Amino acid sequence: MADSAAGSRVPTPSPSTVTTHLDPPCLEIVDEKPALDPFLVRFQDAGDSANPKNWSKLKRWYLTFAASVLVLSATFSSSAPSAMIPALQQQFGFSEEVGTLTVALFVCGYCVGPLLWGPLSEQYGRRPIFICTFFVYMCFQIGCALAQNTASLLIFRFLGGTFAAAPLSNSGALIADIWGAKERGAALAIFTVAPFAGPAIGPIVGGYLNEAGVSWRWLFWILTLFAGVCLLQIIFTMPETYEPILLVRKAQQLRKSTGDDRYHAAMELQSVSFIERLENVVARPFKILFLEPMLIAVTLYMSFVYGCIYLLFEAYPVVFTEGHHLKSGVSSLMFLPLPIGGIISVVMILLFINPAYARKVEEFAPNPVPPEYRLRPAMVAGPLFSASFFWFAWTSYPNVSLWSPMMSGTLLAFSIVWIFLPLFNYIIDVYTFFAASALSSSTVVRSIFGAVFPLFATQMYVKLGPEWASSLLGFIALAMTPIPFVLTKYGPTLRAKSKYAPSLPPPKLSPPV
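What counts and how
- Residues numbered from 1 in each chain as written.
- Predicted model: local features only at pLDDT ≥ 70, side-chain atom pairs only at ≥ 80, totals over all residues.
- Heavy atoms only, no water.
- UniProt positions renumbered as here; feature names shortened; annotations may be inferred.
- Core = buried A, V, L, I, M, F, W, Y, C linked by side-chain atoms within 4.5 Å.
- Buried < 20%, exposed > 50% of the residue type's maximum accessible area, 1.4 Å probe, protein only.
- Helix = DSSP H or I, 4+ residues; strand = E, 2+ residues; numbered from the N terminus.
- Domains from an automatic or database assignment.
- Contact = heavy atoms within 4.5 Å.
- Expected span 1.5 Å × (residues − 1).
- Salt bridge = Lys/Arg side-chain N within 4 Å of Asp/Glu carboxyl O.

Per an unreviewed UniProt entry, the recorded name for the protein is Major facilitator superfamily (MFS) profile domain-containing protein, and the organism is Paxillus involutus ATCC 200175. UniProt, in the comment section headed Subcellular location (unreviewed entry), describes the protein in these words: "Membrane".

S.K.: Looking at this structure, how should I read the nonpolar core?
M.R.: For soluble globular proteins, the rule of thumb is that nonpolar side chains tend to be buried together. Ranked by size, the top nonpolar core spans 111 residues in total, and within it Tyr110, Phe385, Tyr431 and Tyr461 carry the most contacts. A per-element tally of this core places helix 13 (residues 293–323) first, with 20 residues. Of the residues that make up this core, three or more belong to each of domain 1 (50–240) and domain 2 (284–499). Beyond its immediate stretch of four places on either side in the chain, tyrosine 431 contacts Ile288, Glu292, Met294, Leu295, Ala438, Tyr500 and Ala501. The next biggest cluster of nonpolar side chains, apart from the first, holds 16 residues, and it includes Phe94, Cys144, Ala145 and Leu153.

S.K.: Looking at this structure, how should I read helix 9 (residues 194–212)?
M.R.: Think of an α-helix as 3.6 residues a turn; residues three or four steps apart then line up on the same face. In a regular helix each residue adds 1.5 Å, so 19 residues correspond to 27 Å; helix 9 covers 27 Å between its end C-alpha atoms and thus fits that length. Count one or two residues on from helix 9 and you reach glycine 213, which has phi positive near 80°.

S.K.: Can you walk me through the pattern of salt bridges in this structure?
M.R.: When their charged atoms lie close together, side chains carrying opposite charge are able to pair. Summed over all chains, the structure comprises 10 salt bridges. The partner of aspartate 429 in a salt bridge is arginine 184, with the nearest N and O atoms 2.4 Å apart. Residue aspartate 429 is located in helix 17 (residues 403–431), and its partner arginine 184 is located in helix 8 (residues 181–191); the two are separated by 245 residues in the primary sequence. Using a relative accessible area of 14% as the deciding quantity, one classes aspartate 429 as buried. Judged by its relative accessible area of 8%, arginine 184 falls in the buried class. Arginine 374 is paired through a salt bridge with aspartate 429; the nearest N and O atoms lie 2.7 Å apart. Residue arginine 374 is located in the loop between helix 15 (337–364) and helix 16 (376–394), and its partner aspartate 429 is located in helix 17; the two are separated by 55 residues in the primary sequence. Aspartate 429 carries the same exposure label as arginine 374, and that label is buried. Each of Lys57, Arg60 and Glu183 takes part in salt bridges that share partners, so that together they form one network.

See below:
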């Protein structure tokens, strides 16, 4: 797809042109009265083809699926080696704990990558960051496939995870670039399946490769091929979508076509030193996180949910491989209810949640819908998430049919999506053009949980037993259930005081339905 950043030529500005709306606040603009600047380049009207939100629905849906595939590739790679740990132990002679590091270190890379890739995409655009990171990520998968010792394998896994983290923070921001608030819910509903389908599918592929007796290196060659396909997809089909960068390109085209150097984009008005740019890239995500109680609460909830997903890679073998004496390939099939539950949840979101939100858009027009309305599905899903762990806990006995603990994964995945998607949407709605930085800090903390949980999961399930270990997680989940309710009540007040979450005066919210 050709990049439509250039758009159509803009005529010499007139008073009507300079009042054209630009979704605020996209940048910290130096000019105190940019609306009075007749040479400030903007998207001209609701039909401006240079605006990503005005691209055809077919193109925007393609980009949504493409962004989802990038996340699927990264998360699939994170969990796939978990089923090959016995083969890796035989090859390199390390312990089971070291084998767990092949998953944990990759997820640790997610803690480092978003610190760079999210803010850098706000400085240089989404597309170049995707291309660079996926090329390097593919190279590290080749390194894993050719690794000759434990140290090189673990180092390549960590570095691979660092570069694979780009879509975790930037794919969601890309979707926010191309969809308005009214339509974004459906796009993110489909997108949200990828972060959970990838980790669930990874052990299935790895399990059957292990059972087939093929070399563990074949798994990393498969990951290399997947990463290479994604890289080609980015290069040939994914244009730039970040509006400030597109406006810079539009201003450059106007200066070239008219010979008038006075045309400029808002981003070009910034005079940023190297230290300030470094602060924006590295420090801004954590500055937003530490200064925003809303983001802290949402991040903790999402991180616990995310950590529980990776904990299952160690818990399921205890319950199904050891307890029910299943072979590795069949045991890996126990993860199938996770993507199935995710798909069911997305269908229900598309049928019920999104139409209800669309009605709210009409109700609040021309003002945006308060972000707190995004949280309502999470209010329902919180108790279900807790219940799914109690279900899994007390049906984990070997004398109980394996179908019962297996199917608890359906409710688990259903509730995860209904928690994760509203909170993801909430971050984007609250922080708008700072969304990539906010998502980056959230992804870092979430990834820490994802990396740490598998390290203690096996010991916890062995010492406490599957019943009480899962119950402990259920009680913690129950303690976090009030978070969406608290944010619904106090969120408008917190947003009104926030530096990074500009909003209208706090509206009066109608009671949840």
